[in-house]
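Geometric and topological summary
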Amino acid sequence: MGKGRPRAVEKGVVGPNLSSASSSSLNIPSAPVFYPSEDEFRDPLEYIYKIRAEAEPYGICRIVPPESWKPPFALDLDSFTFQTKTQAIHQLQVRPASCDSTTFELEYNRFLEDQGGKRLRRKVVFEGEELDLCKLFNAVKRYGGFDKVVKEKKWGEVVKFVRPVRKVSECSKHVLHQLYLEHLIEYEEYYNKLNNEGTRCCKRGLPEEKKSEQIAECSSSKRRRMNNNDGEKAKARKVKKEEEEHDQICEQCRSGLHGEVMLLCDRCDKGWHIYCLSPPLKQIPSGNWYCFDCLNSDEDCFGFVPGKRFSLEAFRRVADRAKKKWFGSGPASRVQIEKKFWEIVEGSIGEVEVMYGSDLDTSIYGSGFPRVNDQRQELVDAKLWDEYCGSPWNLNNLPKLKGSVLRAIHNNITGVMVPWLYMGMLFSSFCWHFEDHCFYSMNYHHWGEPKCWYSVPGSEASAFEKVMRNSLPDLFDAQPDLLFQLVTMLNPSVLQENGVPVYTVLQEPGNFVITFPRSYHGGFNLGLNCAEAVNFAPADWLPHGGFGAGLYQLYHKTAVLSHEELVCVLAKSNCDSRVSPYVKKELVRIYKKEKTWRERLWRKGIIKSSLMSSRKFPEYVGTEEDPMCIICQQYLYLSGVVCRCRPSTFVCLEHSERLCECKSGRLRLHYRHTLAELHDLVLGVDKHYSEETTKTRTKKRQLQCSNEPTALTKKVKGGHASFAQLADQWLLRACRTFQGPYSREDYVTVLKEAEQFVWAGSEMKNVREMANNLKEARKWAEDVRKSVSKIESWSSNRDKDLEKIHVEYINELLSFDSLPCDEPGHLTLKDYAEKARMLIGEINTAVSSCSKVPKLDLLYNRVCEFPVYVKESERLQQKISSAKFWIAGITNCISEKQPAAIKLDFLYKLKLEIPEVEVQLSQIEMLSDLVEKAESCRAHCVEILKGPITLKDVEALLLEWDTFIVEIPELKLLRQYHTDAVSWNARFKAVLIKVHEREDQQIVVDELEHIRKDGQILRIQVDQMPLVEFELKKARCREKALRMRETKVSLDFIQEVVVDAEGLHIEGEQIYVDMSKVLDAAIQWDERGKYILAHGAHISDFEDVIRSSENIHVTLPSLLHVKEALSKAVAWLSKSEPFLLHCSLESASSSLLKVDTLKELISESNNLKVSMKEIKILETVLMNCEEWENDVCSLLQDTRCLLDMTVISEGISEGLISKIEHVLARIGSLENTGLSLTFDFVEHAQLKDACSMLQWCKKAISFCSAAPTLEDVESLMSDASCCTNASGALFDTLFEGVKWLKKATEIISASSNSTRCKFSEAEEVLADSQSRSLSFPLTVTQIESAIEKHKSWLEQVHQFFSLRLGERSWSLMLQLKEFGIAGAFNCPELDSILSEVERVQRWKRHCMDIFRFGEKNSLLGALEKLRQTLDSSMHIYDDANSLKNKGSYACCSAGSLDQEFVTCSSCKKCYHLRCLGSWTVGGKHSEYVCLCCQYLVSATLQNEGSPQGFGVVRPAMQKIIELLSEENFCVCIEEREILKDILKQARVCKAHLEAIVDFALAYVDKDLSVIFEKLATALKAIELQGFYDDEGYCNLTLALSRYSWKVRVDGLLEGSKKPTIQQIQQHLKERVAVNISPADYYKQKLTELKCSGLQWADKAKKVAADAGALPLDKVFELISEGENLPVLVEKELKLLKERSMLYCICRKPYDQRAMIACDKCDEWYHFGCMKLHSTPKVYICPACEPQEKTLSTSAVVDYERCTDAKCVEPKTPSPKHTKSKMSPNQEGVIATQTKVASTDDTNIFRCSGGIDRLWWRNRKPFRRAAKKRAELDCQSLVSHLQQ
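Throughout what follows, the structure given in this document is the object of discussion. (Residues numbered from 1 in each chain as written. Predicted model: local features only at pLDDT ≥ 70, side-chain atom pairs only at ≥ 80, totals over all residues. Heavy atoms only, no water.)

Describing the packing of aromatic side chains
Scanning the model with the defined rule gives 43 aromatic pairs in all. A ring pair is formed by phenylalanine 82 and phenylalanine 315, whose centres lie 5.1 Å apart and whose planes are at 80°; its orientation type is edge-to-face. Taken together, the residues span a long stretch of sequence, with phenylalanine 82 in strand 3 (residues 81–88) and phenylalanine 315 in helix 12 (residues 312–327) at a distance of 233 residues. Classification of phenylalanine 82 by relative accessible area gives buried; the value is 0%. Taken together, a centroid distance of 4.9 Å and an interplanar angle of 25° make the contact between phenylalanine 439 and tryptophan 541 stacked. Of this pair, phenylalanine 439 sits in the loop between strand 11 (429–433) and strand 12 (440–448) while tryptophan 541 sits in the loop between strand 17 (529–536) and helix 19 (542–555); the two residues are 102 residues apart in sequence, bridging distant segments of the chain. In this structure an aromatic cluster arises from ring pairing among Phe41, Trp69, Phe369, Tyr388, Trp393, Tyr444 and Phe512. Taking the ring centre of tryptophan 597 as reference, the NZ or CZ of arginine 600 above it sits at 4.2 Å. The residue whose ring lies beneath lysine 835 is tyrosine 832, and the NZ or CZ to ring-centre distance is 5.5 Å. (Phe/Tyr/Trp six-rings, centres within 6.5 Å; stacked < 30°, edge-to-face > 60°. Helix = DSSP H or I, 4+ residues; strand = E, 2+ residues; numbered from the N terminus. Buried < 20%, exposed > 50% of the residue type's maximum accessible area, 1.4 Å probe, protein only. Lys NZ or Arg CZ within 6 Å of the ring centre and 35° of its normal.)

Notes on the sheet that holds strand 19 (residues 639–643)
The four strands lie next to each other as 18-21-19-20, forming an open sheet whose pairing is mixed. Of all strands in the sheet, those bounded by a partner on one side alone are strand 18 (608–611) and strand 20 (646–651). When the angles between neighbouring strand axes are averaged without regard to direction, this sheet yields 30°. Pairing analysis gives five bridges linking strand 19 to strand 21 (residues 667–671), with the strands arranged antiparallel. Paired with glycine 640 across the bridge in strand 21 is histidine 670. (Pairing = 2+ DSSP bridges. Axes fitted to C-alpha atoms, helices over the stretch in contact; angles between N-to-C directions.)

Quick word on the packing of helix 36 (residues 1001–1016) against helix 37 (residues 1025–1046)
For the pair helix 36 and helix 37, interaxial distance at closest approach is 9 Å and the crossing angle is 155°. When the interaxial angle is binned, helix 36 and helix 37 end up roughly antiparallel. In this structure, helix 36 crosses over helix 37, and the sense of that crossing is left-handed. Contacts from Gln1001, Gln1002, Val1004, Val1005, Leu1008, Glu1009, Ile1011, Arg1012, Gly1015 and Gln1016 of helix 36 reach helix 37 at Met1025, Val1028, Glu1029, Glu1031, Leu1032, Ala1035, Arg1036, Arg1038, Glu1039 and Leu1042. (Parallel < 35°, antiparallel > 145°, perpendicular 65-115°, else oblique. Left-handed = near helix turned anticlockwise from the far one by under 90°. Contact = heavy atoms within 4.5 Å.)

Some details on the pattern of salt bridges
Per the counting criterion, the structure on display carries 45 salt bridges. For the salt bridge of glutamate 449 with lysine 323, the shortest nitrogen-to-oxygen distance reads 3.6 Å. A residue pair is termed long-range when its members are at least 10 positions apart, and glutamate 449 in the loop between strand 12 and strand 13 (451–456) and lysine 323 in helix 12 qualify at 126 residues. Overall, glutamate 449 belongs to the partly exposed group, its relative accessible area being 33%. Judged by relative accessible area, which is 19%, lysine 323 ranks as buried. Of the charged contacts in the structure, one is a salt bridge between glutamate 842 and arginine 862, with a shortest N-O distance of 2.6 Å. Here the residue glutamate 842 occupies a position in helix 28 (residues 825–848), and arginine 862 occupies one in helix 29 (residues 853–865), the gap between them amounting to 20 residues. Taking relative accessible area as the criterion, glutamate 842 reaches 33% and is therefore assigned partly exposed. Via salt bridges that share partners, Glu565, Arg615, Asp626 and Arg672 belong to a single interconnected network. (Salt bridge = Lys/Arg side-chain N within 4 Å of Asp/Glu carboxyl O.)

Topic: unusual backbone geometry
Located in the positive-phi region is phenylalanine 427, a residue other than glycine, with phi close to 75°. Here phenylalanine 427 falls in the buried class, since its relative accessible area comes to 1%.

A word on the nonpolar core
The nonpolar side chains of soluble globular proteins are, as a tendency, buried together. Counting residues in each nonpolar core, the largest one holds 202 residues, and the members touching the most others are Trp432 and Trp730. Formed by 99 residues, the second largest nonpolar core is a distinct cluster that contains Ala1097, Ala1129, Ile1162 and Leu1168. (Core = buried A, V, L, I, M, F, W, Y, C linked by side-chain atoms within 4.5 Å.)

Details of the side chain of glutamate 532
Relative to the helices and strands, glutamate 532 is located in strand 17. For the buried glutamate 532, no salt bridge is present, and the opposite-charge side chain at shortest range is arginine 371, 6.4 Å distant. Separated by 2.8 Å, the side chains of glutamate 532 and histidine 446 make a polar contact. (Lys, Arg positive; Asp, Glu negative; His and termini not counted. Polar contact = N/O pair within 3.5 Å; in protein donor to acceptor, adjacent residues only side chain to side chain.)

A few points about the packing of helix 58 (residues 1590–1614) against helix 59 (residues 1621–1634)
Put simply, helix 58 and helix 59 touch, their axes get as near as 10 Å, and they point 165° apart. With respect to their mutual orientation, helix 58 and helix 59 come out roughly antiparallel. Between helix 58 and helix 59 lies a crossing whose hand is left-handed. Contacts between helix 58 and helix 59 involve Leu1598, Ser1601, Arg1602, Trp1605, Arg1608, Val1609 and Leu1612 from the first element and Gln1623, His1627, Glu1630, Arg1631 and Val1634 from the second.

Let's talk about helix 3 (residues 133–142)
In an α-helix, one turn spans 3.6 residues, which is why side chains three or four residues apart end up on the same side. Counting buried positions along helix 3 yields nine of 10 residues, so the element is predominantly enclosed. Inspection of helix 3 places Leu133, Cys134, Leu136, Phe137, Asn138, Ala139, Val140, Lys141 and Arg142 among the buried residues, and these make up the whole buried set. Looking at where helix 3 begins, the residue whose side-chain oxygen comes 3.1 Å from the main-chain nitrogen of cysteine 134 is aspartate 132. At the C-terminal side of helix 3, glycine 144 shows a positive phi close to 100°.

This is the structure in C-alpha cells:
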C-alpha cells in the first residue's frame, strides 16, 4: 500500500552503470487515467476487470470517480491523534551498507596474514581523520570496482561516499586513490576471485564425489576456524572438541545435525545450515564467511524509526513549516518539488528528515470512510452516511466483495483485509516495493496535497531487480532481502537508462490509484495529505499469488496467509464462472506439485503417513494455525514431514532431507487430503462452468492422465517393485488377516503397511476401502474386548468407582447382521444382553403396579448387583425415593409447633403426591385436616382484602390467627399493611411537634409531602389525611415568608403571601407582621419613581430616588426604568465630553472631531428623559460647522473654473500665474478656519488636492522661460502622479508639454549618463517641438547643438577605419573611445569602438593573469622575462647534447663570472650564491650537491613529488596556445607578436623533454647511471623555463616515479640486510601503480625472490605442523636452505627451530599429546611414555630421582650392554636456561590437558619394560652439559653434524 529521479545520478551514490542525467530532463511517461460513468462505477471489480488489459502493462493507473462520488470524511479531526515514523530522506539511496567495521578488519587482517604480511597495526589517516577502510571498499564496490572507478573518473563520488559532508577537491581524490592502491587493491582482487570461483562452481556444478569432498573440506575448515581465532585457544580446546562431536546448532532450525553443510561465522562462531539462510546457499562459500549480524552494524543499520505522536493540528503545523522552509509562502509546482526531492534523495543537499504517519491500522485509529459501527459525525446526514457505509468503493468493503477471493479469509489481516491510513507531509516517501503476495492494491486520496507515484510493470519486475542490484551492490551484499524492507529509493531515470520502463501518476484528492500484481511502485507526498489503502484480489490474481508464495519460500519469509489453503477453500466453495478457471488452473499446479513430492518421498523410503486433524470451519481460511516449516517458514496446510526424534518440529516436503539425520523409515508424512481428494476438488470446480470448452476438455484429459498410476518403483528385497504391485500384495495380506481370527498385532501391522498407499490417488481406492474396513473391524473387536473386560472387572471387584457397561452399547455392538471380524467375546456379551432384558421386564412390572416399599427395595438391590447398567433402574430408584420423601415430609408437618413455619405450597404438594405414592398410611387424614384449616384462614383474609380495609378489622383478624403454624400469604400481607399504617401515624405526629417555630420550613414541606404520598398508597384507610393537607399548606406559606429574608422578592409576591396567611388564619405570627410593614414602604417608593419618569426631572432627583431604594428589601417595579434613564443620560454626557471641552477651552484640541458624530449626539438627545443644558451648547457648535462647509464649496467651484481655461498664446502666462496665486491665498485662509474648528472635515482633502494641482500648474508654466535640468523635470513629473484627481484643459495642456520637455532633457543629458539615446530619437524630438502649443525655446537650442557634435565624431571614426591595419594605433582608438563616450549618441560605430577596446583590454588582462611574475611588472616586462627563461632552458639542453660547457650556470639565465658561485660535485653545474641563498659553513663553501642530484640520488621527491616545486608557479603552455588562437583584432598589438616567438621556443623545449622522457620510460636494464644524467638535465631545464606543459610534466613524473622505484629496489637488493617477503610484496604492489614493464630487470628480480621465498615458506609451515613426520636431518636441511635464501624468512625459521626441539624419552618433537614437566630439570615427558594416568602434585622424572630398589641382573646386564655399545640418544638443541622449555601456547595446552582426575601417587613411577631397561644416570650428565652450551636460536645442519 503505499508501502521517481529527475537529477544527475553522478551526484548521488548509486551503482557503476548509471549515467549522469539532469533532474530537469526527467521525462517519465504518465500511466493511464480512467473516468468511469455512473453505471461503470457501480461495481469496482467489474470495472477493474474491464480496464485491466489496458492498464496492467503500466503496472498502475488512476481512476477519477464521477462527480456524484463525494464520501464524507469519517474521522473527528479535532480529537484524531496518530503515531508517526521518522524518515531520513537523504539516506533512502545515498547510504553506506550497514557494514560492521570490526568484521571487515578481522577478514582484512586474515587476508594480510595469508599473504605473508602482518596485521594492519597503524591507523590509515585521510584528511586528518581515521579512514574507514570498510566504507572505502564498499564505496568502490558500488561504483563497479577499482578499474571502473578509474576509467570513469568516479573518485569524486567515492570521496562523497566516504566523507559526505566534506568538499571534494582534486587533492582528496588523488590521496584516496593512492590509499586504495596501497591498502585495498590486492584485497579487491582476492575478494573478486573468491566470488567468481563461487559463481562458477554454482553455475558449472561439481561431480557428486568431488562436491561432497569439497563440502567436507570446507566444513572442516569452518570448524577449524572456529577453534583457531587465536593460537592459544586452538590447542587448549582440542581435547574438548574431540569429545563433543555435535557442539554447534543452527540458529534458524535449532538443530545440530547435518554438520557437513553447517556454515560457521568466522567472527561470532554461530552456525547456520546453508539451506536455512535467507536466501539459501547452494554450497559452502570459499574463504571466510560472516553472518549478517556481524556484517551489519547496529550504528549503520537503516530503517524508519518510530517518531512522536501528533494531533492533526500539530502535524499540520510541522508540515506547513517544512513546506515554507523549502519553497516559501507561495505555491510550488510539481516539477519544483520533484526536482528538490530527488536532489535530497541523491545526497546533494544534506540531511533531511520528515515525519510520516504510515501504516496506521484503521481498526485502531479509525477509517476515513464511514463504517456501520462507527459514530456518525454531527454534520453528516444519516442517509448519506448509510449510503457510503455500504458503498463497494469503500475500502473497508472492497476486499470482501463478490468476485474477490479474499472473501474466504476469516481473520481481518491489517493492511490486507483492513485498510491502512497514511498521514503524509512534504517529501514523506513510500519506497520501491510490490504488495504482499503480489496482491492488487487500491489507494484513495481523502484530502490534502497530491501524491506522486512511480511504477514498473510486473512483467519487468526481474529487470527492475537486476538494475537495483547492479546499482546498489553493497546494500544487497549486506542485506539480500533489501527489497522486502521498503527503505530504498532509486531514481526512475536510472531505471529508464537501463531499459526498464517506468510510468508516473499524480494522485489528486478524491482519486483512486490501482497497482497491479508484482508491479514495483513507490513515490512521495507533495505536502500534507491523508490517504487510505487496502489490498484486494480478484480471480486473475491467483497465478500471481502462487508466484508470491514461491518467493516467500525462496527467501524464507513468513507468508501472510497460506496460498494452498486459500485455493482449496475456494475450490470447495461455489465459485462463479470468472473465478473457476483461475482456481482450477492453480489447483492443478498445486496437485501436480504435491503428487510429485509425495511420490519422491515414497521412493526415498518415507512410508509412514497420517491424516491431519480436521478443521472446525473448513469453509474459511486462517481459522486455525497450521504448523510451519522450520527451514522456509511456510505454512504446512496440505502436507508436512515430522520425525520421532523431534515430534513437534515440521518441515515441508521439499526440505524433508533437512529435518534430521534419522533413517527415512523414522519419518512420517502428515497430509490433509489424499491425492484422490485433491483430484476430486479439481473435477468439482468444473461443475461451475456453464459450458465445457475444447480447452477445458483438453485440460481435463491432461489431469486424468496425470492422475493415472505412474510407474512408481523402488528397490526391495530381491529386485524392484512398483507402487501398484506393492499395493496388490498388501491387499492379499489384508484379506487373509481379515478372514482369520482377530489378532491385534496383525491388524496393527497391516494398517501400518497401508500408510504408504492411502495418501495416493484414485488408483489406491481399494486400498483405502480395505484399510477403512480393517479400522472398523479393529475398532469393533477392541470395543467387544473392552466391554467384556469391564464386565468381568466390575463383577470381581464391585467397585462403585468403576463405570458399568450400558446395555444399549452392548446391543449396538451386537446389532451387525454380519460380524466385522471373528472375535469370540461377542458370545459373552450376548448372554449378558439376555439377562439384562429379563431384568428390565421385572422393573417395568414393579413400577407399573402398586407395590410396597420393601418389595421395591429388594428389586433395586438386585439391579445394583447386576454388572450391566440398565436405564430403567433410574425409574425404580426415583419411585422408591419419592415415597420415602413424602413420608418424611408429612411427619415433619405434624410435629411442627412454631407459627407460620410451614409453607402452604408444601402442604398442597404433599396432597398432590398422594396418588403417585400409592401407599396406605395414617398420616393422610392428618394432612387433610391441616389443609382444610389453612384454606379457611385464607378465605377470611381474601374477603377482607377485597373491600376497603380498616385498621380495626385487621387488628381483630391478626389477633385470631396469631399462633397458626401454616404460613398463609394473604395473612402475611395483611400483617404488613398493619405495620405500615402504624408507622405512618407515628411519623405524622413527630412532624407536628412545634412546627410553626422551625426555621427549616422547606424541610417541613418535604417531610409532609412524603407523608402525604405514603398515606395515599396505604391499603389501610387512615383518618389523618385531611389534617396532613392543611398542615402542608401552612408550611408552604411559612416557607414563602422565610424566603423574603434571604433574597429580594417582588411586590406582588409579598402581597400574595400576606393574603395566603390571612386565609390560613396565621397572620398573627411575627413573620407576617414584619412583612406588612415592608409592603407599605415599597408601595410609597414606587409611586415617586413613576412621577419623575413622567415629568423629566434633573439628574440629582434620579440619584436621590435610587439611593432611597437601597433600604427597601423588595424588587421594585419602577427601579429598573429609573436606572435605565439615568444611565442613558450619563452615557450621552460621556460621548459629548470631547465636544463640550472644545467649547469650554480657547485652544483647539490635538485630535479632530467628526461632524457626523456631533449630528448623531444631537439626534440622541431628543430621546433622553433627563433635563440638561449641554444639549443647547452642542446645537450651536453644529450650526458653525455647517456655515464653514458652505464657504468651501464656493471656493472649489472657482478653482474648477480656473483649471478649465485653455492656454493659447505666450503672453497670457503672467496673468494666469497671478490668478492662481490669488486662489491659493483663499484656500490657505479657509484651511486655517477649518482647523480652528477642530473637526475632521471631508473638504480638507479636497482643498489640499486643489492646492497641489494649482502649485504644479504654476511651476510648469515657469519652465517655458527657462532651461530646466533633467532632475527638475523628473521631479515635476513625479509630482503630477500625486495629483490623483487632476482634470481640466489647463492641466492637460501643461502635462503634455512637460512630457516633451522630459524627452528633450533626457537627450541633452545622455552624454553624461550610461544610457544613451539614438540619433534618430534626437531628431524626432526636435521635430516634435514645432507642433507643440506650449514652447520651450532654450531647450530646443541645446538639442540642436548635441546633434551637430555627434555628426563631427562620426567623421573621425570613418577616417580611422579607412587606414591600414598597421597604421591603426592603439592610442588613437582609445582617443576615439573617449570622444564617443563624451558626446556621441547611441549608434553602431560607438558600439564597435567600445567592443573592440574591451576585447583588447580583456586579452591583455588575461595575459597579465597568466604571465605575471610580480605585481609591479608590466605585460611587456613579463613576456621578456619569460623569453629569457626559455633561452636558459634551451642552453641547458644544448649543453647536454654537445657535452660541452659542463661548468655553465644552471640556476639562472644571467650567468656573469664576476658573481660568487659554487659547483655541484655531481653534475659539475655552477650555481650563484645569490640564487641559492647563504649556503656557506664557517666562511668556506662546503661540498655542494644540487637539489636535482639530491633527488635522483636519494629517490625522495621533494614538495609532494613535484620537481617544479623549486621555482614559482609558471603559466601553462596550453594557455599560450589558447591566447594566440583567439580571433584577430582590428588594432595592431605589440605584445601579441612577442608571444608568438615565445611559443616557438617553448615547443622546441618540449621536444627535448619528450625525447628524454621517452628514453627513460623505455629503459629496462640494470645500470641506472644511464638515465641519471638525462633526468637531471630535464629537471634543471624545467626548473629554469618560465612555463610548464601538463602532458610533459605528467610523463616526467611517471619517469621519475619509475626511476625512484628502481633506486629503492636496487637499495633493497644490494643492501646489507636481506629483504623480507613483505617488503618485496610492497614493492611489487607499488610497481603496479607506476606501471613498470614486465621486462624490467628489477621487476623480474623481485618476482623471482618472491616466488622462491613463498615456496620455501609454504614448505616450512607444512613441516612445522606435521607433528614430527619429517626426520630431523631433513628439517635441518630445510633450515639451512632457509638461512641461505636471499629473502629473510624469520617467522618460518622460528617455527622450524621450535619443530626441531625434542622431548621425552621417545625423543619426539611436540605433537599435541599431553605432557608433564619435571619439577627439577624442567624436561617434558609424555603421559603415555611415562605410564602416567593422572596428574601428580609434584613430579620428579626418573633421571633426576632413579628407582631405589636394586636392579635385577638382567637390568644391569642390559645397562652395561647399552653402555658398552656407547648408545647415545638423539640430541636436541638446548633451550634457553632462563625460560621454560615450552612456548606459552604449549604451556597453556599442558596446563589444560594435565587437569585429569587424580589417582594414587604410587602409580606415578610405573614404567614399561623400555623404561626399566634404560638407566637414566647415564642420561643426566648429558642433560646438564646441554644446559651449559651456548643458546642457539636456530639450528643448521652443519652445527647438528658437528655435535
